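For reference, the chains in residue letters:
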Amino acid sequence: MRVLTLSLTAAAAMALATPALAQTSEPNTAPATPAPDAPADTSRVTVGIGVATLPDYEGADSNSITPGAVAIGKVKGFDFFTRGTQLYVNLIPNAGGVGINYELGVIGGVRLDRTNRVDNAQVRALGKLDTAYELGGYVGIGKTGVITSDYDTVTARVAFVHDVSGAYDSYVITPQLNYTTPLSYTTLVSLGASADYVGKGYGRTYFGVTPIGALSSGLRVYDIDDSGFKRVNLSFFALQSLSGDLRRGFGVGAGVLYGKMLGKYKDSPIVSDVGDADQWAGAVGLTYTF
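Residues numbered from 1 in each chain as written. Predicted model: local features only at pLDDT ≥ 70, side-chain atom pairs only at ≥ 80, totals over all residues. Heavy atoms only, no water.

## Thoughts on the pattern of salt bridges
Counting across every chain of the model gives 11 salt bridges. Of the charged contacts, one joins K230 and D196 as a salt bridge, the two residues approaching to 3.3 Å between their closest N and O atoms. Here K230, found in strand β10 (residues 228-241), pairs with D196, found in strand β9 (residues 187-198); they are 34 residues apart in sequence, far enough to count as distant. Salt-bridge contacts for R247 lead to D245; the nearest nitrogen and oxygen are separated by 2.7 Å. Here R247 matches D245 in class, with each residue buried. (Salt bridge = Lys/Arg side-chain N within 4 Å of Asp/Glu carboxyl O. Helix = DSSP H or I, 4+ residues; strand = E, 2+ residues; numbered from the N terminus. Buried < 20%, exposed > 50% of the residue type's maximum accessible area, 1.4 Å probe, protein only.)

Laid out in structure tokens, this is it:
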């Protein structure tokens, strides 16, 4: 089962916005000042389930419906969130509130592209791929209190993961930029942009066609012999609280993501001949924050 694409946008959005909101009291009141011997506990966790429409494989021209889940939170000052099928954990505690926050974290995840049946018969004839297990890390910097209020946040980060299972035996570098703002205590929106720079092992595994693969699929032989930018993404996400407060209770979220395949990856026969360089995904889900 592919993980809900909602996690691609919602995780980053809520992970950025919730810490700032968590520092506040009710609307139009001053934040409470904790006693010196009783520091405020800003721990907060959001979980979500829903459904998404996702490309059948990266570069496909058709989508399928899949269920999935997302988790975002902050425990004792340490942020974590899911992004796709990856888990990010920040090792630098974040006190929240207005100002600069730094990120230095670890990433663990799996890559499931073409590990199950795909609809396109020619791509299916290339055979299933092995699940890739990835480990890595990320660095970033964020600023809370930017444009609209003390609670909007802009964050820039760069993530690096490497396949440790031998499935594609290479790496992915992902620069990311997110802007998130709560419009009220019940509504939050987020805009995101990212790109993927991949090593040659990644390109050969997911976008190459070997001579044997060409014979079995009817696709032309295609090889990628160096690294490069594979894809750029733009996303939009909105979250509406059902409880009257984004910091607690149920909510409903919806997001859309557009991806554009680039260069030699766009020219692969699994994209240019039987797929599509324009990649769309959407998701809707129910969240609960506690």
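## A few points about the packing of aromatic side chains
Inspection of the entire model under this criterion finds 12 aromatic pairs. Both rings, one in Y202 and one in Y206, keep their centres 4.6 Å apart while their planes meet at 45°; by these two values the pair is tilted. Highlighted residues: Y202 and Y206, both in helix α3 (residues 200-207), separated by 4 residues, approximately one helical turn. Taken together, Y168, Y202, Y206, F207 and Y265 form an aromatic cluster joined through their ring pairs. (Phe/Tyr/Trp six-rings, centres within 6.5 Å; stacked < 30°, edge-to-face > 60°.)

## What to know about the environment of I224
By the element assignment, I224 lies in the loop between α4 (211-217) and β10. For I224, a relative accessible area of 1% corresponds to the buried category. If we ignore the near neighbours within four places in the chain, the residues touching I224 are K200, G203, R204, F207, K264 and Y265. (Contact = heavy atoms within 4.5 Å.)

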